[in-house]
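What follows is the residue order along each chain.
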Amino acid sequence: MTASASGPVLIGATGGSGTRAIREALVAVGFFMGTTVNHAGDLRHAPPVLDRLINPVLEQTGSLDYQLEDLPDALVATGLDGLRGVAAKVLEEGSQPTLWGWKNPRMMFVLPFLAEALPGLRFIHVVRDGRDIALSDNRQQIDRHFAARYGHPAPDEPDALALAAIRFWSETNLEALACGEALLGERYHLLRLEDATAPDSPALAELLRQLHPVIDADSLAAAQQAVAHRPGHGRWRDLPADSLAALEEAGRPGLARFGYL
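**Considerations on the layout of surface pockets**
Then, in step 1: Here the largest pocket defines a volume of roughly 650 Å³.
Then, in step 2: G16, A40, D42, K103 and N138 are, among the 29 residues lining the largest pocket, the residues nearest its centre.
Then, in step 3: Going through the elements one at a time, α1 (19–28), α2 (47–61) and α6 (140–150) are the ones with two or more residues in the lining of the largest pocket.
Then, in step 4: The element contributing the most residues to the lining of the largest pocket is α6, with three residues.
Then, in step 5: Looking at the lining of the largest pocket residue by residue, the classes come out as six nonpolar, 12 polar and 11 charged.

**Some remarks on the nonpolar core**
Then, in step 1: One finds W102, M107, V110, F113, L114 and F123 to be the most contacted residues of the largest nonpolar core, which totals 59 residues.
Then, in step 2: Residue assignment for this core shows that the elements contributing at least two residues are α2, α3 (73–93), α4 (111–117), β3 (122–127), α5 (130–134), α6 and α7 (158–184).
Then, in step 3: Once you skip the residues sitting within four places of it in the chain, L114 turns out to touch L10, L83, M107, L121 and F123.
Then, in step 4: In this structure, A13, L191, L193 and L220 belong to the second largest nonpolar core, which totals 25 residues.

**Things to note about unusual backbone geometry**
Then, in step 1: Within the chain, S95 stands out as a residue other than glycine whose phi angle is a positive 55°.
Then, in step 2: The class for S95 is exposed, based on a relative accessible area of 61%.
Then, in step 3: Phi at Q96 is positive, roughly 60°, even though this residue is not glycine.
Then, in step 4: Residue placement: Q96 occurs in the loop between α3 and β2 (101–103).

**Points about α7**
Then, in step 1: Counted at 1.5 Å a residue, the expected span for α7 with its 27 residues is 39 Å, and the 37 Å between its end C-alpha atoms agrees.
Then, in step 2: N-capping of α7 is provided by E157, with a side-chain oxygen placed 3.2 Å from the backbone N of D159.

**Side note on empty space enclosed by the protein**
Then, in step 1: In total, this model carries one cavity of 30 Å³ or more according to the counting rule given.
Then, in step 2: Size it by volume and the largest cavity reaches roughly 80 Å³.
Then, in step 3: Lining the largest cavity are T14, G15, I133, N138, R139, Q140, Q141, I142, A165, F168 and W169.
Then, in step 4: For the lining of the largest cavity, the secondary-structure elements that each account for two or more residues are α6 and α7.
Then, in step 5: Along the lines of polarity and charge, the residues of the lining of the largest cavity split into five nonpolar, five polar and one charged.

**Remarks on the side chain of R106**
Then, in step 1: As for its placement among the helices and strands, R106 is situated in the loop between β2 and α4.
Then, in step 2: R106 gets classed as buried once you look at its relative accessible area, which sits at 3%.

**Side note on the pattern of salt bridges**
Then, in step 1: Under the defined criterion, the tally for this structure stands at nine salt bridges.
Then, in step 2: With a shortest N-O distance of 2.8 Å, E248 and R131 are connected by a salt bridge. With E248 in helix α11 (residues 241–250) and R131 in helix α5, the pair connects residues that are 117 residues apart, well separated along the chain. As far as the burial class goes, E248 and R131 line up, both buried.

What counts as what
- Here the residue numbers are simple positions, counted from 1 along each chain's written sequence.
- Only residues with pLDDT of at least 70 are given local features in this predicted model, and only at 80 or more are side-chain atom pairs given and counted; all residues enter the totals for whole chains, interfaces and linings.
- Each side-chain value is derived from all of the structure's non-hydrogen atoms; neither hydrogens nor water enter the calculation.
- Of the grid points, spaced at 1 Å and generated over the protein atoms alone, those admitting a 1.4 Å probe that cannot get out make up cavities, while open sets with protein on both sides within 12 Å along at least five of seven lines make up pockets; any residue with an atom within 4 Å of a point is treated as lining.
- Grid points are joined across faces, edges and corners, and a volume is the space filled by probe spheres set on the points.
- Labels follow the DSSP assignment, with helices taken as runs of H or I lasting at least four residues and strands as runs of E lasting at least two, numbered in each case from the N terminus.
- When residues are grouped by polarity, Ala, Val, Leu, Ile, Met, Phe, Trp, Tyr, Cys and Pro land in nonpolar, Asp, Glu, Lys and Arg in charged, and all others, Gly among them, in polar.
- By convention a nonpolar core is built from buried Ala, Val, Leu, Ile, Met, Phe, Trp, Tyr and Cys residues, the set being connected through side-chain atoms within 4.5 Å.
- Exposure classes here rest on a 1.4 Å probe applied to the protein chains alone. A residue is buried below 20% of its type maximum, exposed above 50%, and partly exposed in between.
- What makes two residues a contact is simply this: any of their non-hydrogen atoms within 4.5 Å.
- For a helix, the expected span equals 1.5 Å multiplied by the residue count minus one.
- The definition of a polar contact used here is a pair of N or O atoms within 3.5 Å, where within protein one atom must be able to donate a hydrogen and the other to accept one, and adjacent residues in sequence count solely through side-chain atom pairs.
- Definition used for salt bridges: Asp or Glu carboxyl oxygen within 4 Å of a side-chain nitrogen of Lys or Arg.

The structure is reproduced here in structure tokens:
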């Protein structure tokens, strides 16, 4: 990181939580969020580092709330060097921007590495109703990391998979919350997608002003427009009552903590 650049703003979440929309909102108010990205705006420099880190961490700790001291020195060194390298590539792409960062949902799995590697970073933890997440077709994190965390693969049968998915959602998001608050303090920002996308909610504008105090009204309006019309909210309401009850029981800790019950 150079003297001209502040700490990055990173975005992470369970897959399917709407991080693309939040990235677009940051771009609308002047943040450089990388150019080497996929169709969803995920930074392509990040996955090779994350693929080397996440499963070994989960196999050893079974949690997203861990300490680097609990991990092998070689793994820690690999992770820190890799994440610093990712940051350097983004800064180079943006010609040393002052307002910068990137998004990849899986960044929430490596918060202890981020806190050590990138002093001054801010982290936006996007949360979406776990009942919607459990019914989503986005299974990438389940496919990649469920077995490493729990010691067995996720079930194939749809109803059982939905219950496993909401358990995964609840536990990982609660752990990321605890870890983010402990390590980052006021530089950790929890944002519910439903609040960010509600046109009458101040949540998005308040967050953006914390990250970038000088924002004009037109940029804020563009940011709000970037998160409008997100599909899939409330798909869980179509479930039969008994299936919904089972889903809510499986995800109750997270659903309650994040205000969905």
